[in-house]
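Understanding the architecture of this molecule
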Amino acid sequence: MGKEAHDIDIAIDDRTGHAFAEELSKYMQEAGRGKEIGSIGVIKSNPEQSKHLETATMRVLGFEIDFVNLRAEEYTDSRIPEMRIGTAYEDSMRRDLT
C-alpha cells in the first residue's frame, strides 16, 4: 500500500492488554532489557466515543505497540455495535480489509 506503519497492534486472547503489557515489562526488566521499553499507557474503554474495549500502549524496541483483547461485535437496533471479548475467529470476521 506504500504507507508507513507507526504502530503495531497485538490482539490478546486470554488476558487484558494491560495485564499482558505488565507481564512483558516484567520480563524485559528481568532479562536486563528494561531500557528498551517505555512506560505502559492505558486507554480506557469509552463507548460514547466508539472505544469499546481498553487498550494498553507501550514502546518496545523502538516500536509503539497497542495491546488489546480479541473482540466480537453484535448489532442490535443501532449502527453502533455492542462489543465483547471474542475469539480469534469472531475478531477476524468483524474486520474489513479495505
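Quick summary incoming for the structure in this document. Small disclaimer: the values here were computed from a predicted structure and weren't measured.

**Some thoughts on the overall build of the protein**
The secondary structure content of the protein amounts to 2 helices and 6 strands. Each helix and strand of the protein, placed in order from N terminus to C terminus, yields the pattern β-α-β-β-β-β-β-α. When each of the 98 residues of the protein is scored for burial, the buried share is 26%. Of the contacts made within the protein by residues no fewer than 6 positions apart, 35% connect residues no fewer than 24 positions apart. When the accessible surface of the protein is totalled, it reaches about 7300 Å², and 50% of it is carbon and sulfur.

**Considerations on the pairing of strand S4 (residues 63–69)**
Of all 7 residues in S4, 5 are buried, a share of seventy percent or more. Bridge count for strand S1 (residues 7–12) against S4 is 6 bridges, and the pairing is parallel. Counterpart to Ile12 in the pairing with S4 is Asn69. Across 6 bridges, strand S3 (residues 55–60) lies against S4 in antiparallel orientation. Counterpart to Arg59 in the pairing with S4 is Glu64. Here S3 folds back onto S4 in antiparallel fashion, the turn holding 2 residues, of which Leu61 has a positive phi close to 55°.

**Quick word on the pattern of salt bridges**
Evaluation of the coordinates by the stated rule reveals 6 salt bridges. Asp14 is the partner of Arg15 in a salt bridge, and the nearest nitrogen-oxygen pair spans 2.7 Å. You can call Asp14 exposed: its relative accessible area is 51%. For the salt bridge of Glu74 with Arg84, the shortest nitrogen-to-oxygen distance reads 2.8 Å. With Glu74 in strand S5 (residues 71–74) and Arg84 in strand S6 (residues 82–85), the pair connects residues that are 10 residues apart, well separated along the chain.

**Here's the deal with the nonpolar core**
Within soluble globular proteins, side chains that are nonpolar tend to cluster in buried spots. Counting residues in hydrophobic clusters, the biggest one holds 9 residues: Ile12, Ala21, Met28, Ile37, Ala56, Met58, Val60, Ile65 and Phe67. With 3 residues, S3 is the single largest residue contributor to this core. Leaving out residues up to four positions away in the same chain, Met58 has contacts with Ala21, Leu24, Ser25, Ile37, Gly38, Ser39, Ile40, Phe63, Glu64, Ile65 and Phe67.

**Points about helix H1 (residues 17–30)**
Given a rise of 1.5 Å per residue, 14 residues ought to cover 20 Å, and the 20 Å separating the end C-alpha atoms of H1 matches this to within 8%. Among all positions of H1, only Gly17, Ala21, Ser25 and Met28 are buried. All buried residues of H1 project into a common sector of 75° when viewed along the axis, lining one side. Along H1, exposed side chains directed more than 90 degrees from the buried face belong to Lys26, Tyr27 and Glu30. Buried residues belonging to H1 abut S1, S3 and S4.

The rules we used
- Residues numbered from 1 in each chain as written.
- Predicted model: local features only at pLDDT ≥ 70, side-chain atom pairs only at ≥ 80, totals over all residues.
- Heavy atoms only, no water.
- Helix = DSSP H or I, 4+ residues; strand = E, 2+ residues; numbered from the N terminus.
- Buried < 20%, exposed > 50% of the residue type's maximum accessible area, 1.4 Å probe, protein only.
- Contact = heavy atoms within 4.5 Å.
- Areas by Shrake-Rupley, 256 points an atom, 1.4 Å probe, with all protein chains shown as cover.
- Pairing = 2+ DSSP bridges.
- Salt bridge = Lys/Arg side-chain N within 4 Å of Asp/Glu carboxyl O.
- Core = buried A, V, L, I, M, F, W, Y, C linked by side-chain atoms within 4.5 Å.
- Expected span 1.5 Å × (residues − 1).
- Arc of directions from axis to C-beta.

So, to be careful, I would describe these as geometric facts and stop short of saying anything about function.
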